[in-house]
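Chain and residue survey
Residue strings, one per chain:
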Amino acid sequence: MLTQGHDKPKETAERQAFYDRIDKQHMTPLWSVLGSLVTPQPASACQPFGWKFDAIRDAMMEAGGLITAKEAERRVLILENPGLRGQSRTTTSLYAGVQLVLPGEVAPAHRHTQSALRFVLEGEGAHTAVNGEKTIMRYGDFVITPQLAWHDHGNESEEPMFWLDGLDIPVISMLDASFAEGLGEDTQEITRNTGQSYSEFGHALLPDNAEQSIVSPIFNYPYDKSRETLEAMKRGSDPDQCHGWKLRYSNPLNGSDAIPTMGTFIQLLPQGPTMPFRSTSGTVFVCTQGKGKTKIADTTIEWGEKDIFIAPSWASIIHEPEEESVLFSFNDKPIQEKLGLYREQRGNANSST
Ligand code: 1HN
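Residues numbered from 1 in each chain as written. Predicted model: local features only at pLDDT ≥ 70, side-chain atom pairs only at ≥ 80, totals over all residues. Heavy atoms only, no water.

The next subject is the pairing of strand 14 (residues 263–269). With seven of seven residues buried, strand 14 is to be regarded as a mostly interior element. Judged by which residues are buried, strand 14 turns out to be covered on both faces: G263, F265, Q267 and L269 on one side and T264, I266 and L268 on the other are all buried. Pairing analysis gives four bridges linking strand 13 (residues 245–248) to strand 14, with the strands arranged antiparallel. Counted as the bridge partner of R248 is F265 from strand 14. The sheet contact formed by strand 14 and strand 21 (residues 325–331) spans seven bridges and is antiparallel. By the bridge assignment for strand 21, L268 is matched with V326. (Buried < 20%, exposed > 50% of the residue type's maximum accessible area, 1.4 Å probe, protein only. Helix = DSSP H or I, 4+ residues; strand = E, 2+ residues; numbered from the N terminus. Pairing = 2+ DSSP bridges.)

The next point concerns the site of the ligand. R74, Y95, Q99, H110, H112, R118, H151, H153, D165, L167 and I169 make up every residue found near the ligand. Between the ligand and H153 there is a distance of 2.6 Å, counted from an oxygen atom to a side-chain nitrogen or oxygen. For the ligand, whose accessible area on its own is 330 Å², the fraction buried by protein is 84%. Counting only elements with at least two residues in the shell around the ligand, the list comes to strand 3 (95–101), strand 4 (106–112), strand 9 (151–154) and strand 10 (161–167). Looking at side-chain class alone, the shell around the ligand contains three nonpolar, five polar and three charged residues. (Near = heavy atom within 4 Å. Polar contact = N/O pair within 3.5 Å; in protein donor to acceptor, adjacent residues only side chain to side chain. Areas by Shrake-Rupley, 256 points an atom, 1.4 Å probe, with all protein chains shown as cover. Nonpolar A, V, L, I, M, F, W, Y, C, P; charged D, E, K, R; others polar.)

Residue L148 is not a glycine yet carries a positive backbone phi of 65 degrees. Positioned with a positive phi, K306 is a non-glycine residue whose angle comes to about 80 degrees. Structurally, K306 can be placed in the loop between strand 18 (299–303) and strand 19 (308–311).

The next subject is helix 3 (residues 53–66). Under the 1.5 Å per step criterion, the end-to-end length of helix 3 is 20 Å for 14 residues, consistent within 8% with the ideal 20 Å. Every buried residue of helix 3 is listed here: F53, I56, M60, A63 and G64. For helix 3, the buried positions fall inside an angular range of 105 degrees around the axis, keeping them on one side. Along helix 3, exposed side chains directed more than 90 degrees from the buried face belong to D58, E62, G65 and L66. Contacts from the buried residues of helix 3 go to strand 1 (49–51), strand 2 (76–78), strand 3, strand 5 (116–122), strand 10 and strand 19. (Expected span 1.5 Å × (residues − 1). Arc of directions from axis to C-beta. Contact = heavy atoms within 4.5 Å.)

This brings us to the pairing of strand 17 (residues 292–296). Every other side chain in a regular strand lies on the same face of the sheet, so the side chains alternate between the two faces. Burial along strand 17 is one-sided: the residues G292, T294 and I296 are buried and none of K293 and K295 is. Sheet topology places strand 17 next to strand 18; five bridges connect them, and they run antiparallel. By the bridge assignment, K293 is partnered in strand 18 with E302. The turn joining strand 17 and strand 18, which pair antiparallel and follow one another in sequence, is formed by two residues; a positive phi near 50 degrees is taken by A297. As judged from the five bridges shared by strand 17 and strand 20 (residues 317–321), these two strands associate in the antiparallel manner. Across the sheet, the residue bridging to K295 is I318, located in strand 20.

Just distances and angles here, no functional claims.
Structure below.
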């Protein structure tokens, strides 16, 4: 294990002349870049940062007057990390944006290899359709769009509908594995009853002939159930010192993550500071209830309901709710776990490895 980074050797005139010559042949010396490629611990360009929902809503309503959901295909404002501007990234490996669908609008049917999640922030009654089934969306609902699933959205309610989109776009780009197509119609054919997937798979019962799948057959995990389960945990156990009472959204077929590339969680935090925690998975947090602040490395971010904030890889996180609070979060933990790379540390960060 490297504990000290590689020191860059001196660049003499003779060496520089050599680099210039080989540069024309598309070659470059490793020893000049080794220290920034192989770091003793994560050296993320991603920064701790927070967005206030009120400011997002104002910008989105302005966007609503500038372009329709249909013309935009998806009317979304990307939440770009200040350390990663121009790259459509929110953390190093994840994309997040906020989407607005106005009453009467549709976001046309398409599909892609990127997996998506929605977390509903405001409004009630718009729907998303996934693989032939509609679900009606309400505050705090967690909705997934698996890779290559046809999906379209529509808002038949009277209110603007806002949700957070989370996608694994930077990972799929890094792997050069992006495929996408439009259906050529605004909406897909509906072949299943609304709520059918949840009724069949959401109650610790499985259809006896259910086939295994790496993606969850449930595509809306309703907030009232998540919230109820957090309350039951609270009644039955002490809070974890780092995480309070924390649940992971899972695939009922095998207990793995609901989305193979993104870890998704909801946690209830008691009032007062948590014990420091850090992990190699940069994380996007959304507050659904309560208010407080979170210290991420040397930055303190204040948050209230619907606000969104980012913790980079290996940055120490101390949540300090002013009152009992609920946070939804997502990160790249399932990818790192599958590759044997995931690390976490509880307590003070006095060791770097
Ligand atoms: C997408 O398909 C949606 O379906 C939202 O709502 C955001 C960002 C990039 C690529 C595809 C959606 C997206 C997206």
